[in-house]
Amino acid sequence: MGRKFGDRKDGTLIRKIDSMHYIMPLMYPNRCDNEAFMHIRVDLTKAEKFLEEKNASNPAYRYNLFQLVVTAILKTITLRPEMNRFIANKNLYQRNQITAAFTVKKVFSDHGGEALARIYAKDTDTLDTIHDEYRQVSFCRSDSKDGSTASMDIIQKIPGKHLIGAVARFLDRHGWMPSSIIATDPYYCSAVLTNLGSLKLDAGYHHMTNWGTNSVFCAIGLMKKRPFYDDEGHVDMRMSVDLGLTIDERIADGYYYAKTIRLLKTLLENPELLEKPLSETVEY
(Lines give C-alpha, C1' and ligand atoms only; values in the text may rest on other atoms or scores of the structure.)
Protein backbone atom coordinates (compact mmCIF):
# COMPACT_ATOMS: atom_id res chain seq x y z
CA MET A 1 0.00 0.00 0.00
CA GLY A 2 1.40 3.40 -1.03
CA ARG A 3 1.94 6.47 1.05
CA LYS A 4 -1.22 8.36 1.99
CA PHE A 5 -1.68 12.08 2.45
CA GLY A 6 -0.17 13.03 5.81
CA ASP A 7 2.42 10.24 5.84
CA ARG A 8 6.16 10.97 5.84
CA LYS A 9 8.86 9.13 3.95
CA ASP A 10 10.11 7.77 7.29
CA GLY A 11 6.80 7.21 9.06
CA THR A 12 3.09 6.48 8.67
CA LEU A 13 0.63 8.88 10.28
CA ILE A 14 -1.38 7.16 13.03
CA ARG A 15 -4.91 8.26 12.28
CA LYS A 16 -6.87 6.38 14.94
CA ILE A 17 -5.60 7.32 18.41
CA ASP A 18 -7.21 8.06 21.75
CA SER A 19 -7.92 11.65 22.71
CA MET A 20 -5.02 11.90 25.19
CA HIS A 21 -2.40 10.95 22.59
CA TYR A 22 -4.06 13.35 20.16
CA ILE A 23 -3.99 16.26 22.59
CA MET A 24 -0.56 15.75 24.20
CA PRO A 25 1.49 16.85 21.16
CA LEU A 26 -0.71 19.94 20.90
CA MET A 27 -0.16 20.88 24.54
CA TYR A 28 3.47 19.68 24.78
CA PRO A 29 4.96 20.02 21.28
CA ASN A 30 8.64 19.71 22.22
CA ARG A 31 10.26 16.31 22.74
CA CYS A 32 12.70 17.74 25.28
CA ASP A 33 9.79 18.77 27.50
CA ASN A 34 8.49 15.19 27.65
CA GLU A 35 11.45 13.12 28.78
CA ALA A 36 10.76 10.11 31.00
CA PHE A 37 13.79 8.54 32.74
CA MET A 38 14.00 4.84 33.57
CA HIS A 39 16.74 2.76 35.15
CA ILE A 40 17.51 -0.96 34.80
CA ARG A 41 20.11 -3.01 36.66
CA VAL A 42 20.92 -6.15 34.70
CA ASP A 43 22.40 -9.29 36.25
CA LEU A 44 25.14 -10.40 33.85
CA THR A 45 25.79 -13.84 35.36
CA LYS A 46 24.36 -15.69 32.35
CA ALA A 47 25.61 -13.10 29.85
CA GLU A 48 29.24 -13.50 30.92
CA LYS A 49 29.11 -17.26 30.42
CA PHE A 50 27.20 -16.85 27.17
CA LEU A 51 29.78 -14.42 25.72
CA GLU A 52 32.64 -16.65 26.81
CA GLU A 53 31.13 -19.60 24.93
CA LYS A 54 30.36 -17.51 21.82
CA ASN A 55 33.88 -16.11 21.69
CA ALA A 56 35.48 -19.51 22.17
CA SER A 57 34.17 -20.49 18.74
CA ASN A 58 34.66 -17.07 17.13
CA PRO A 59 37.86 -15.50 18.48
CA ALA A 60 38.59 -13.41 15.37
CA TYR A 61 35.72 -10.94 15.88
CA ARG A 62 34.49 -11.13 19.44
CA TYR A 63 30.96 -10.75 20.76
CA ASN A 64 30.59 -8.17 23.52
CA LEU A 65 28.06 -6.64 25.88
CA PHE A 66 27.33 -3.68 23.60
CA GLN A 67 26.24 -6.04 20.82
CA LEU A 68 23.96 -7.84 23.27
CA VAL A 69 22.33 -4.55 24.28
CA VAL A 70 21.92 -3.39 20.67
CA THR A 71 20.28 -6.70 19.71
CA ALA A 72 18.07 -6.67 22.82
CA ILE A 73 16.93 -3.10 22.10
CA LEU A 74 16.09 -3.99 18.49
CA LYS A 75 14.19 -7.13 19.53
CA THR A 76 12.32 -5.20 22.22
CA ILE A 77 11.23 -2.54 19.74
CA THR A 78 10.24 -5.24 17.22
CA LEU A 79 8.00 -6.93 19.78
CA ARG A 80 6.79 -3.65 21.33
CA PRO A 81 6.01 -1.56 18.20
CA GLU A 82 4.69 1.49 20.05
CA MET A 83 8.30 2.11 21.09
CA ASN A 84 8.98 2.76 17.40
CA ARG A 85 6.65 5.76 17.26
CA PHE A 86 7.62 9.40 17.10
CA ILE A 87 5.96 12.79 17.18
CA ALA A 88 6.74 15.40 14.54
CA ASN A 89 4.89 18.63 13.73
CA LYS A 90 2.40 17.69 16.51
CA ASN A 91 1.41 14.42 14.80
CA LEU A 92 2.04 10.83 15.90
CA TYR A 93 3.77 8.50 13.45
CA GLN A 94 4.74 4.83 13.27
CA ARG A 95 8.31 4.61 12.00
CA ASN A 96 8.73 2.62 8.80
CA GLN A 97 11.98 0.94 9.86
CA ILE A 98 13.60 -0.23 13.09
CA THR A 99 17.06 1.23 13.49
CA ALA A 100 19.72 1.59 16.17
CA ALA A 101 22.39 4.28 16.07
CA PHE A 102 25.48 5.13 18.04
CA THR A 103 28.44 7.49 17.93
CA VAL A 104 31.92 6.05 17.71
CA LYS A 105 35.16 7.69 18.85
CA LYS A 106 37.76 7.04 16.14
CA VAL A 107 40.53 7.41 18.71
CA PHE A 108 40.16 7.48 22.50
CA SER A 109 41.73 10.90 23.10
CA ASP A 110 40.57 14.43 23.91
CA HIS A 111 40.88 15.42 20.27
CA GLY A 112 39.81 12.14 18.69
CA GLY A 113 37.14 12.57 16.04
CA GLU A 114 33.68 11.03 16.13
CA ALA A 115 31.73 9.13 13.49
CA LEU A 116 28.17 7.86 13.26
CA ALA A 117 26.94 4.30 12.75
CA ARG A 118 23.47 2.89 12.15
CA ILE A 119 22.04 -0.64 12.07
CA TYR A 120 18.86 -1.44 10.13
CA ALA A 121 16.96 -4.35 11.69
CA LYS A 122 14.98 -7.03 9.91
CA ASP A 123 12.47 -9.41 11.51
CA THR A 124 14.79 -12.32 10.68
CA ASP A 125 17.85 -10.76 12.33
CA THR A 126 19.51 -12.50 15.28
CA LEU A 127 22.45 -11.70 17.52
CA ASP A 128 24.72 -13.33 14.93
CA THR A 129 23.56 -11.15 12.03
CA ILE A 130 23.66 -8.02 14.19
CA HIS A 131 27.18 -9.01 15.28
CA ASP A 132 28.23 -9.18 11.62
CA GLU A 133 26.58 -5.87 10.76
CA TYR A 134 28.29 -4.25 13.72
CA ARG A 135 31.52 -4.55 11.74
CA GLN A 136 30.60 -1.19 10.21
CA VAL A 137 32.18 0.29 13.33
CA SER A 138 35.53 -0.68 11.82
CA PHE A 139 34.67 1.52 8.85
CA CYS A 140 33.66 4.37 11.13
CA ARG A 141 37.03 4.24 12.86
CA SER A 142 38.88 4.54 9.57
CA ASP A 143 39.80 7.82 7.89
CA SER A 144 36.61 7.72 5.77
CA LYS A 145 33.65 9.88 6.72
CA ASP A 146 30.04 8.78 7.05
CA GLY A 147 27.39 10.47 4.90
CA SER A 148 26.04 12.81 7.58
CA THR A 149 29.48 14.02 8.65
CA ALA A 150 30.46 14.74 5.04
CA SER A 151 27.23 16.70 4.51
CA MET A 152 27.75 18.69 7.72
CA ASP A 153 31.27 19.57 6.57
CA ILE A 154 29.80 21.08 3.38
CA ILE A 155 27.09 22.99 5.25
CA GLN A 156 29.70 24.45 7.61
CA LYS A 157 31.30 26.25 4.66
CA ILE A 158 28.07 27.93 3.51
CA PRO A 159 27.50 31.51 4.78
CA GLY A 160 24.30 32.55 6.58
CA LYS A 161 24.18 29.94 9.31
CA HIS A 162 21.04 31.41 10.95
CA LEU A 163 19.05 31.11 7.73
CA ILE A 164 20.44 27.61 7.17
CA GLY A 165 19.34 26.64 10.68
CA ALA A 166 15.82 28.00 10.18
CA VAL A 167 15.43 26.18 6.84
CA ALA A 168 16.81 22.95 8.32
CA ARG A 169 14.36 23.05 11.24
CA PHE A 170 11.45 23.65 8.84
CA LEU A 171 12.47 20.72 6.66
CA ASP A 172 13.02 18.56 9.75
CA ARG A 173 9.58 19.39 11.15
CA HIS A 174 7.83 18.33 7.94
CA GLY A 175 10.01 15.30 7.18
CA TRP A 176 11.57 16.89 4.11
CA MET A 177 15.25 16.72 5.06
CA PRO A 178 17.30 15.20 2.21
CA SER A 179 18.15 11.55 2.80
CA SER A 180 21.85 12.25 2.19
CA ILE A 181 21.97 14.58 5.20
CA ILE A 182 20.12 12.31 7.63
CA ALA A 183 21.61 9.08 6.25
CA THR A 184 23.45 8.31 9.47
CA ASP A 185 21.98 10.99 11.74
CA PRO A 186 21.35 9.10 15.01
CA TYR A 187 18.41 11.33 15.91
CA TYR A 188 16.42 9.91 13.00
CA CYS A 189 16.62 6.38 14.43
CA SER A 190 14.37 4.22 16.60
CA ALA A 191 16.95 4.11 19.38
CA VAL A 192 20.24 5.84 20.08
CA LEU A 193 22.80 4.12 22.31
CA THR A 194 25.87 5.42 24.08
CA ASN A 195 28.37 3.08 25.70
CA LEU A 196 29.53 5.09 28.71
CA GLY A 197 31.08 1.95 30.17
CA SER A 198 33.73 2.04 27.45
CA LEU A 199 34.72 5.45 28.88
CA LYS A 200 34.83 4.03 32.43
CA LEU A 201 31.63 5.88 33.40
CA ASP A 202 28.50 4.65 35.14
CA ALA A 203 25.19 4.96 33.33
CA GLY A 204 23.51 8.34 33.26
CA TYR A 205 20.59 9.71 31.30
CA HIS A 206 21.07 11.37 27.94
CA HIS A 207 18.70 14.15 26.94
CA MET A 208 16.34 13.91 23.96
CA THR A 209 16.46 16.47 21.16
CA ASN A 210 13.75 18.41 19.36
CA TRP A 211 15.64 17.72 16.15
CA GLY A 212 14.89 14.48 14.32
CA THR A 213 12.48 11.74 15.35
CA ASN A 214 14.28 9.67 18.00
CA SER A 215 12.08 8.66 20.96
CA VAL A 216 14.38 6.23 22.84
CA PHE A 217 17.89 6.83 24.20
CA CYS A 218 19.88 4.17 26.08
CA ALA A 219 23.04 4.87 28.09
CA ILE A 220 25.06 1.77 29.00
CA GLY A 221 27.15 1.98 32.13
CA LEU A 222 30.19 0.27 33.55
CA MET A 223 30.24 -3.48 34.12
CA LYS A 224 31.10 -4.23 37.74
CA LYS A 225 30.05 -6.33 40.71
CA ARG A 226 27.08 -5.01 42.65
CA PRO A 227 24.93 -6.42 45.50
CA PHE A 228 21.78 -8.41 44.70
CA TYR A 229 19.33 -9.31 47.47
CA ASP A 230 16.99 -12.30 47.62
CA ASP A 231 13.55 -12.33 49.30
CA GLU A 232 15.11 -13.20 52.68
CA GLY A 233 17.55 -10.27 52.52
CA HIS A 234 20.65 -12.33 51.75
CA VAL A 235 23.15 -10.49 49.58
CA ASP A 236 25.14 -11.86 46.67
CA MET A 237 27.73 -9.90 44.65
CA ARG A 238 27.24 -10.40 40.92
CA MET A 239 28.61 -8.83 37.76
CA SER A 240 26.04 -6.36 36.46
CA VAL A 241 25.47 -3.32 34.27
CA ASP A 242 23.14 -0.36 34.68
CA LEU A 243 21.14 1.06 31.77
CA GLY A 244 19.72 4.58 31.78
CA LEU A 245 16.77 4.99 29.42
CA THR A 246 15.29 8.29 28.27
CA ILE A 247 11.94 7.97 26.50
CA ASP A 248 9.46 10.39 24.97
CA GLU A 249 6.54 9.85 27.33
CA ARG A 250 3.99 10.92 24.70
CA ILE A 251 4.32 7.83 22.47
CA ALA A 252 2.76 5.30 24.90
CA ASP A 253 1.60 4.97 28.52
CA GLY A 254 3.28 3.88 31.75
CA TYR A 255 1.94 0.31 31.64
CA TYR A 256 3.31 -0.16 28.12
CA TYR A 257 6.70 1.17 29.22
CA ALA A 258 6.78 -1.11 32.27
CA LYS A 259 6.22 -4.24 30.15
CA THR A 260 8.80 -3.00 27.65
CA ILE A 261 11.43 -2.58 30.38
CA ARG A 262 10.63 -6.05 31.73
CA LEU A 263 11.11 -7.56 28.27
CA LEU A 264 14.45 -5.78 27.77
CA LYS A 265 15.72 -6.99 31.14
CA THR A 266 14.56 -10.56 30.39
CA LEU A 267 16.43 -10.60 27.08
CA LEU A 268 19.69 -9.36 28.60
CA GLU A 269 19.55 -11.75 31.55
CA ASN A 270 18.75 -14.66 29.23
CA PRO A 271 20.93 -13.88 26.19
CA GLU A 272 20.22 -17.18 24.47
CA LEU A 273 16.88 -15.59 23.51
CA LEU A 274 18.81 -13.18 21.29
CA GLU A 275 19.86 -16.08 19.05
CA LYS A 276 16.24 -16.32 17.91
CA PRO A 277 14.83 -14.01 15.18
CA LEU A 278 13.88 -10.54 16.40
CA SER A 279 10.22 -11.17 15.58
CA GLU A 280 10.00 -14.41 17.61
CA THR A 281 7.90 -13.83 20.71
CA VAL A 282 9.27 -14.21 24.25
CA GLU A 283 7.59 -15.16 27.52
CA TYR A 284 8.36 -12.57 30.20
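Quick note: structure is the one above.
Below, the structure is looked at part by part. If you're wondering where the values come from, they're calculated on a predicted model, not measured in any experiment.

Notes on helix 3 (residues 65-79)
Taking 1.5 Å per residue, 15 residues should reach 21 Å; helix 3 reaches 21 Å between its end C-alpha atoms and fits that length. Summarising burial for helix 3: 14 of the 15 residues are buried, a large majority. The backbone nitrogen of F66 lies 3.1 Å from a side-chain oxygen of the residue at the head of helix 3, namely N64.

A short note on empty space enclosed by the protein
Summed over all chains, the structure comprises one cavity of 30 Å³ or more. Of the volumes computed, that of the largest cavity is approximately 90 Å³. Taken together, I73, T76, I77, M83, V216, L245, I247, T260, I261 and L264 make up the full set of residues lining the largest cavity. Those elements that provide at least two residues to the lining of the largest cavity are helix 3, strand 10 (235-248) and helix 9 (254-269). Across the lining of the largest cavity, the residue classes break down as eight nonpolar, two polar and no charged.

Re the sheet that holds strand 1 (residues 11-13)
The strand order across the open sheet built from three strands is 1-4-3, with neighbouring strands paired in antiparallel fashion. At either end of the open sheet lies a strand with only one pairing partner, and these are strand 1 and strand 3 (85-88). On average, each strand axis in the sheet is inclined to that of its neighbour by 40°, with strand direction left out of account.

Points about the side chain of T71
The topology assignment puts T71 in helix 3. Setting aside chain neighbours within four positions, we find T71 in contact with T126, L127, I130, L274 and L278.

A word on helix 2 (residues 45-56)
With 12 residues, helix 2 extends 17 Å between its outermost C-alpha atoms, agreeing within 8% with the 16 Å of an ideal straight helix rising 1.5 Å per residue. If you follow the buried residues of helix 2, they end up packed against helix 3, helix 4 (127-133) and helix 9.

Focus on the nonpolar core
Residues L68, L74 and L193 are the most contacted members of the largest nonpolar core, which totals 53 residues. Ranked by residues supplied to this core, first place goes to helix 3 with nine residues. Excluding residues within four positions of it along the chain, L193 makes contact with F66, V69, V70, I73, A100, A101, F102, T103, F217, C218 and I220.

Examining unusual backbone geometry
Not every positive phi belongs to a glycine, and N89 is a case in point at roughly 55°. Tracing the sequence through the fold places N89 in the loop between strand 3 and strand 4 (91-95). Positive phi values are uncommon outside glycine, yet K90 reaches one of about 70°. With respect to the helices and strands, K90 occurs in the loop between strand 3 and strand 4. The exposure class of K90 is partly exposed, given its relative accessible area of 43%.

A short note on the pattern of salt bridges
Enumeration according to the criterion identifies 14 salt bridges in this entry. Close ionic contact of D128 with K54 constitutes a salt bridge, the shortest N to O distance being 2.8 Å. In this pair, D128 is assigned in helix 4 and K54 in helix 2, connecting sequence segments 74 residues apart. On the basis of relative accessibility, which here comes to 13%, the residue K54 falls in the buried class. Connected through shared salt-bridge partners, R41, D202, K224, R226 and D242 make up one network.

Considering the pairing of strand 8 (residues 216-220)
Along strand 8, five of the five residues are buried, which leaves the element largely enclosed by surrounding structure. Burial along strand 8 is two-sided: the residues V216, C218 and I220 and F217 and A219 are all buried. As paired elements, strand 7 (residues 191-195) and strand 8 share five bridges and run parallel to each other. Residue pairing for strand 8: L193 is matched across the bridge by C218. In terms of strand pairing, strand 8 meets strand 10 through five bridges, oriented antiparallel. Considered in strand 10, the bridge of I220 is made with L243.

Regarding the side chain of S240
Considering the arrangement of structural elements, one finds S240 in strand 10. We classify S240 as buried; its relative accessible area is 0%. Among all residues touching S240, those that are not within four sequence positions of it are R41, V42, L44, L222, M223, K224, R226 and F228.

A few points about the pairing of strand 3
Here strand 3 shows a buried face lined by R85 and I87 and a second buried face lined by F86 and A88. The sheet contact formed by strand 3 and strand 4 spans four bridges and is antiparallel. In the strand pairing of strand 4, A88 is matched with N91. Taking the residues that link successive antiparallel strands as the turn, the strand 3-strand 4 hairpin has two residues, and the phi of N89 there is positive, at about 55°.

What counts as what
- Residues numbered from 1 in each chain as written.
- Predicted model: local features only at pLDDT ≥ 70, side-chain atom pairs only at ≥ 80, totals over all residues.
- Heavy atoms only, no water.
- Helix = DSSP H or I, 4+ residues; strand = E, 2+ residues; numbered from the N terminus.
- Expected span 1.5 Å × (residues − 1).
- Buried < 20%, exposed > 50% of the residue type's maximum accessible area, 1.4 Å probe, protein only.
- Polar contact = N/O pair within 3.5 Å; in protein donor to acceptor, adjacent residues only side chain to side chain.
- 1 Å grid on protein atoms, 1.4 Å probe; cavity = no way out; pocket = protein on both sides within 12 Å on 5 of 7 lines; lining within 4 Å.
- Points joined across faces, edges and corners; volume = space filled by probe spheres on them.
- Nonpolar A, V, L, I, M, F, W, Y, C, P; charged D, E, K, R; others polar.
- Pairing = 2+ DSSP bridges.
- Axes fitted to C-alpha atoms, helices over the stretch in contact; angles between N-to-C directions.
- Contact = heavy atoms within 4.5 Å.
- Core = buried A, V, L, I, M, F, W, Y, C linked by side-chain atoms within 4.5 Å.
- Salt bridge = Lys/Arg side-chain N within 4 Å of Asp/Glu carboxyl O.

Nothing here speaks to function; it is all geometry.
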